[in-house]
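# Structural characterization, general
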Amino acid sequence: MPWVDVPDEEPKSNLKRNGTTMNGDNGHRRKKARHSYNSGSGSGGSAGPSASTTIQEQRAQLPIAQGREALIEEIRSNDVTVLLGETGSGKTTQIPQYIFESGLAGNGVIAITQPRRVAATSLAARVALEQNAQLGQLVGYSVRFDEKYSSSTRIKYMTDGMIVRELLSDPMLSRYSVVIVDEAHERTLRTDLLIANLKKILKARNGPIADDAKGKKQSHPLKVVIMSATLDAEKFSRFFYNAKILYVQGRQHPVTNYYAAENQLDYVDSAMRTFFQIHLDRPPGDVLIFLPGQEDIESLQASIDLFAKQLPSKVPGVLICSMFAAQDQRKNSQVFAPTPPNTRKCILATNIAETSITIPGVTYVIDTGKCKEKQFLARSAGGGFDTLLTRDITKSSAMQRSGRAGREGKGYCFRLYTEASFNAMTPSAEPEILRCSLTSSILQLKCLNQNLEDLDLMDSPDPDSIISSLKTLWLLGAIDNKAKLTPAGREMAAFPLEPQYACAVVASKNYGCTSEILDIVSVISASSKLFIDASEHRDTATEVRRKFRHPTGDHMTILNIVRAYREVTASTVNGTVVYGPGGSNEGSAKGNNKDKAAKREWCRKHFLNERALLEAKDIRDQLRMVCERVNIDWTVSALSKKSGENEGRTEEDAIVRSMGHGLVGNAAFLQPDGTYKQNLGPSTVKIHPSSSMCDKKVPAIIYDELVYTNQIYARGVSAISKAFFASHSAFTQRKA
């Protein structure tokens, strides 16, 4: 592949008048360098800490360490501090520890928010190690469907969505003395909502102090630290009344960027060829490859693994590690392990490796220039659908990615796009609040007696998106005709689910099938896909899964799979096999390696992703606890005699109707020409080929989502009676 090399001259502007540099060392300045692609110049050696260096010595060597006292003094003197810290400076792991060790947080908890769960869990594990504490005690974390903290936790890493959810039960965030908003530049929807609420909380907890109370200190003030890795600190500063900006330089060595002579359409194949060019021609050093999503990672992993086995024995081995949000935390953490001798580590990652996490040993970066971005297309009748599209990254992301190669020594970044394409990239990503569904956030704000349109936000969303979300909540019964929160809406907000699935759980009370609905929505809410899409074995997979298919469609099919897996994992205790609706035998203490192997083999045989089923069990356990808090009996099953409300109705009818209450806005009716037209929208939709309903025609369907390709496809489809809509309260009312 032809390459063009250029010096790394990424733009670097100075902070404006209220900026302060917190460490005097100018670091390693990037120099103009010109290298031939085949030169082999540069060292693959690490400039970072050796394996024998102690944890505390490593902390002391971080660039941020020399400015420790000055940082603490600035945070102590200001209610809000905006910290512009380069990646690799150590800000994410060290600032919380400095605050804790200085006593600045008092008896309160220090919260550090992250946009991604992988970052939150990995960082918590690292800081617990640095504090010589067991994870979950002094240092803990809280992410969706997974948490590890206790009453003694003082440093708590959490996703921005989890701390926004905590506002529901604690609107003043009273248990926290310090809230650190990390990666604020990513401008996720939850981060923007958190920042808006922090501005209100600061006014309530910190002042202003009345004239007759001057000299008195607030009893429980809050400190806020906004941390960003890109040069957008001024905007955050202005939002918080010109808050002080601090600048912390990172450990950055020169990085040489190579551009492709032409844009690479097949970026997965190009990444593979580039990797082997590096592996065969370049000095030692690990390789980090940025890819858009899990499917690309798995495809590239299979290709590299195949060709690596064919290399001559004298060539060093290849250790492939992957890192993406849906992957098990233990597998993600393998990227941090030392590379074995005579081996080159190849790390395949999504954009979660761009910031927050520094992976040691990386000398080479391959940047495909692509990422996946969610875009919500709202419709005037309410609802809409998400599109997850592969798109070009921003210039900010490209700079972050190349910087990953220069953390421990001289680095090299191979960009699979032209220099002209880089120059044409947008500077930074559009804030999520301008392109994502607002339904869940508006529901949470309603519980706080807040309206999104009245909130002081850094960027205001499109009014049409707000109206669309309000209509969706009205359809779900979460708000009334005056946009006031209903009792059912408050129950829905208690569940860490998308509103449509929370609605299905709440509706299941009246149909006596809560146990089954929890099974279904837990699988749907898992980050991993249930079905393994093995294109070369597609016909075989379809045939072996046929026994799970239910005539009503995909939701009952999921339930059949959960029940079958539960039977496989049932344990014999004292001669009694224990399983059934509401059972939780998957985690039986008497299970052994043979049982695990049998479960794994059963999933492999049926082309099912066991990770999705295991994750669904954890989700189901959390949902059961929420049910108990809101007085919903999760043990009630459509198969049991307890569900007296369900008499005269079949099991599948009760379950599908419960799902129908949540998916009422995602419905389509059969047309005379054999197509389906949305009940509350203009689009004609087709049933996705992967659905168990793809070869059937029924009067009405509900679906989980719409997918845009060359046509609009409905996925997660179930047949439902048209009479259901005639009796639904939203369709019997004359006005919204």
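Counting restarts for each chain, with residues numbered from 1 along the sequence as it is written. Residue-level local features of this predicted model are given only where pLDDT is at least 70; pairs of side-chain atoms are given and counted only at 80 or more, and the full residue set underlies all totals for whole chains, interfaces and linings. To obtain the side-chain values, all non-hydrogen atoms of the structure were used and water was disregarded.

This brings us to the overall build of the protein chain. Going along the chain from the N terminus, every DSSP run of H or I of four or more residues is numbered as a helix, and every run of E of two or more is numbered as a strand. Looking only at helices and strands, the protein chain features 24 helices and 25 strands. Each residue's exposure class comes from its accessible area (1.4 Å probe, protein chains only) as a fraction of the maximum for that residue type: buried when under 20%, exposed when over 50%, partly exposed otherwise. Per-residue burial over the protein chain gives 56% buried out of 736 residues. Contacts: residue pairs with any heavy atoms within 4.5 Å of one another. Restricting to contacts in the protein chain with at least 6 residues of sequence separation, those with at least 24 account for 75%. Carbon together with sulfur atoms contributes 50% to the accessible area of the protein chain, which is approximately 32300 Å² in total. Here the open area of atoms and residues is found with the Shrake-Rupley method and a 1.4 Å probe, where only the protein chains shown may cover a residue.

Attention now goes to helix α21 (residues 610–629). Its 20 residues place the ends of α21 29 Å apart at the C-alpha level, agreeing with the 28 Å of an ideal helix rising 1.5 Å per residue. Distance and chemistry together define a polar contact, namely a pair of N or O atoms within 3.5 Å, with one atom able to donate a hydrogen and the other to accept it when in protein, and with adjacent residues in sequence counting only for side-chain atoms on both sides. Of the residues flanking the start of α21, the one acting as N-cap is asparagine 609, its side-chain oxygen 3.0 Å from the backbone nitrogen of arginine 611. Count one or two residues on from α21 and you reach asparagine 631, which has phi positive near 60 degrees. Expected helix span is taken as 1.5 Å per residue step, with the number of steps being one fewer than the number of residues.

All right, on to the pattern of salt bridges then. By definition here, a salt bridge exists when the distance from a side-chain nitrogen of Lys or Arg to a carboxyl oxygen of Asp or Glu is within 4 Å. Scanning the model with the defined rule gives 35 salt bridges in all. Aspartate 653 is the partner of arginine 657 in a salt bridge, and the nearest nitrogen-oxygen pair spans 3.3 Å. Residue arginine 657 and its partner aspartate 653 are both found in helix α22 (residues 651–662); the two are separated by four residues, about one turn of the helix. According to the relative accessible area criterion, arginine 657 is buried, its value standing at 15%. Each of the salt bridges in this network shares a partner with another, and the network as a whole consists of Arg59, Arg68, Glu101, Arg126 and Glu130.

Turning next to the pairing of strand β25 (residues 712–719). By the criterion of burial, β25 is predominantly enclosed, with seven of the eight residues buried. One bridge is not enough; two strands pair if DSSP finds at least two bridges between them. Inspection of the sheet shows strand β23 (residues 684–687) paired to β25 by two bridges, in the parallel sense. Directly across from lysine 686, in β25, lies its bridge partner tyrosine 713. Hairpin connection, strand β24 (residues 700–708) to β25: the antiparallel pair is bridged by three residues.

Attention now moves to the sheet that holds β25. Ordered in space as β21-β22-β23-β25-β24, the five strands form a closed barrel in which the pairing is mixed. For this sheet, the mean angle separating the axes of adjacent strands, direction not counted, is 50 degrees. Alignment of strand β22 (residues 676–678) against β23, held across two bridges, turns out to be antiparallel. Across the sheet, residue tyrosine 676 finds its bridge partner in β23, namely valine 685. Helix axes are fitted only over the stretch in contact, all axes being lines through C-alpha atoms; the angle between N-to-C directions runs from 0 to 180 degrees.

All right, on to the pairing of strand β5 (residues 139–143) then. Summarising burial for β5: five of the five residues are buried, a large majority. The two faces of β5 match: Val139, Tyr141 and Val143 on one face and Gly140 and Ser142 on the other face are all buried. Here β5 runs beside strand β7 (residues 155–159); their pairing, made up of four bridges, is parallel. Bridging across to β7, glycine 140 finds its partner in lysine 156. Note: β5 against strand β6 (residues 146–148), three bridges, orientation antiparallel. Bridging from a neighbouring strand, valine 143 pairs with aspartate 146 of β6.

This part takes up the packing of aromatic side chains. Stacked, edge-to-face and tilted labels apply to pairs of Phe, Tyr and Trp rings (six-membered ring for Trp) whose centres lie within 6.5 Å, assigned for plane angles under 30 degrees, over 60, and everything in between, in that order. Within the structure shown, the criterion is met by 12 aromatic pairs. Seen in terms of ring centroids, tyrosine 259 and tyrosine 417 are 6.3 Å apart; in terms of plane orientation they differ by 70 degrees. Their pairing is edge-to-face. Of the two residues, tyrosine 259 is situated in strand β11 (residues 255–260) and tyrosine 417 in the loop between β18 (411–415) and α12 (419–424); the sequence distance between them amounts to 158 residues. Judged by its relative accessible area of 5%, tyrosine 417 is buried. A positively charged side chain is recorded as over a ring if its NZ (Lys) or CZ (Arg) lies within 6 Å of the ring centre. The angle to the ring normal must also be within 35 degrees. Just above the ring of phenylalanine 239 sits the side chain of lysine 199; from NZ or CZ to the centre is 4.0 Å. Against the face of phenylalanine 422 rests lysine 395, its NZ or CZ located 5.4 Å from the ring centre.

We now examine the packing of helix α16 (residues 499–511) against helix α17 (residues 514–525). Viewed as axis vectors pointing N to C, α16 and α17 meet at an angle of 170 degrees, and their least axial separation amounts to 9 Å. The angle between the axes of α16 and α17 places the two elements in the roughly antiparallel class. Taking contact as the criterion, the partners of Tyr501, Ala504, Val505, Ser508 and Lys509 in α16 are, on α17, Thr514, Ile517, Leu518, Val521 and Ile524. Taken together, the residues of the contact of α16 with α17 break down into seven nonpolar, two polar and one charged. Angular relationships are summarised with four words: roughly parallel below 35 degrees, roughly antiparallel beyond 145, roughly perpendicular across 65 to 115, and oblique for the angles in between. Gly counts as polar in this scheme, as do all residues outside two lists: the nonpolar Ala, Val, Leu, Ile, Met, Phe, Trp, Tyr, Cys and Pro, and the charged Asp, Glu, Lys and Arg.

Within the fold, arginine 205 resides in helix α6 (residues 189–206). A polar atom in the side chain of arginine 205 sits 3.0 Å from the backbone oxygen of histidine 220. Among the polar contacts made by the side chain of arginine 205, one reaches the main-chain carbonyl oxygen of proline 221 at a distance of 3.4 Å.

Bringing the confidence of the model for the protein chain into the picture now. The quantity called pLDDT is the predictor's confidence in a given residue, expressed from 0 to 100. With 84% of its residues at a pLDDT of at least 70, the protein chain reaches an overall mean of 85. Within the model, pLDDT remains below 50 along residues 7–18, and this stretch shows 31 contacts once partners closer than five positions in the same chain are excluded. For the stretch residues 571–591, pLDDT sits under 50, and the model shows 37 contacts to residues farther than four places along the chain or on other chains.

Among the nine residues of helix α11 (residues 395–403), seven are classified as buried, and the element is accordingly described as predominantly covered. Residues Ser396, Ser397, Ala398, Gln400, Arg401, Ser402 and Gly403 constitute the buried set of α11. Where the residues of α11 are buried, they touch β11, β12 (286–290), β15 (362–367), β16 (370–378), β18 and α12.

Moving on: the environment of arginine 238. Tracing the backbone shows arginine 238 in helix α7 (residues 233–239). Sequence separation between arginine 238 and methionine 458 is 220 residues, and the spatial gap between their C-alpha atoms is 9.6 Å.

Time to look at the packing of α17 against α21. Their axes nearest at 8 Å, the elements α17 and α21 cross at an angle of 130 degrees. In terms of axis orientation, α17 runs oblique to α21. Crossing geometry of α17 relative to α21 is assigned as right-handed. Two secondary-structure elements touch here, α17 through Thr514, Leu518, Asp519, Val521, Ser522, Val523 and Ser525 and α21 through Ala616, Ile619, Arg620, Leu623, Arg624 and Cys627. A breakdown of the residues in the contact of α17 with α21 according to their chemical character gives seven nonpolar, three polar and three charged. What makes a crossing left-handed is the near helix being turned counterclockwise from the far one by less than a right angle; a clockwise turn instead makes it right-handed.

What follows covers the nonpolar core. As used in this record, nonpolar core signifies buried Ala, Val, Leu, Ile, Met, Phe, Trp, Tyr and Cys residues forming a set joined through side-chain atoms within 4.5 Å. With 94 residues, the main nonpolar core has Leu173, Val179, Ile226, Phe495, Leu497, Met659 and Phe725 as its most contacted residues. It is α6 that contributes the most residues to this core, eight residues altogether. Ignoring sequence-local partners within four residues, the contact set of phenylalanine 495 consists of Arg165, Ala502, Val505, Val506, Leu623, Val626, Cys627, Val630 and Ile632. Ranked by size, the runner-up nonpolar core spans 48 residues in total, among them Val139, Met227, Val248 and Ile357.

Next up on the list: the environment of leucine 123. Relative to the assigned elements, leucine 123 resides in helix α4 (residues 117–130). Leucine 123 gets classed as buried once you look at its relative accessible area, which sits at 6%. Note: C-alpha distance between leucine 123 and glycine 140 (17 residues apart in sequence) is 9.6 Å.

This part covers unusual backbone geometry. You will see that asparagine 242, though not glycine, has its phi angle at about 60 degrees, which is positive. In this structure, asparagine 242 sits in the loop between α7 and β10 (244–248). Residue asparagine 242 is classed as exposed on the basis of its relative accessible area of 59%. Notably, asparagine 449 is not glycine yet its phi reads approximately 60 degrees, a positive angle. The topology assignment puts asparagine 449 in the loop between α13 (439–447) and α14 (463–475).

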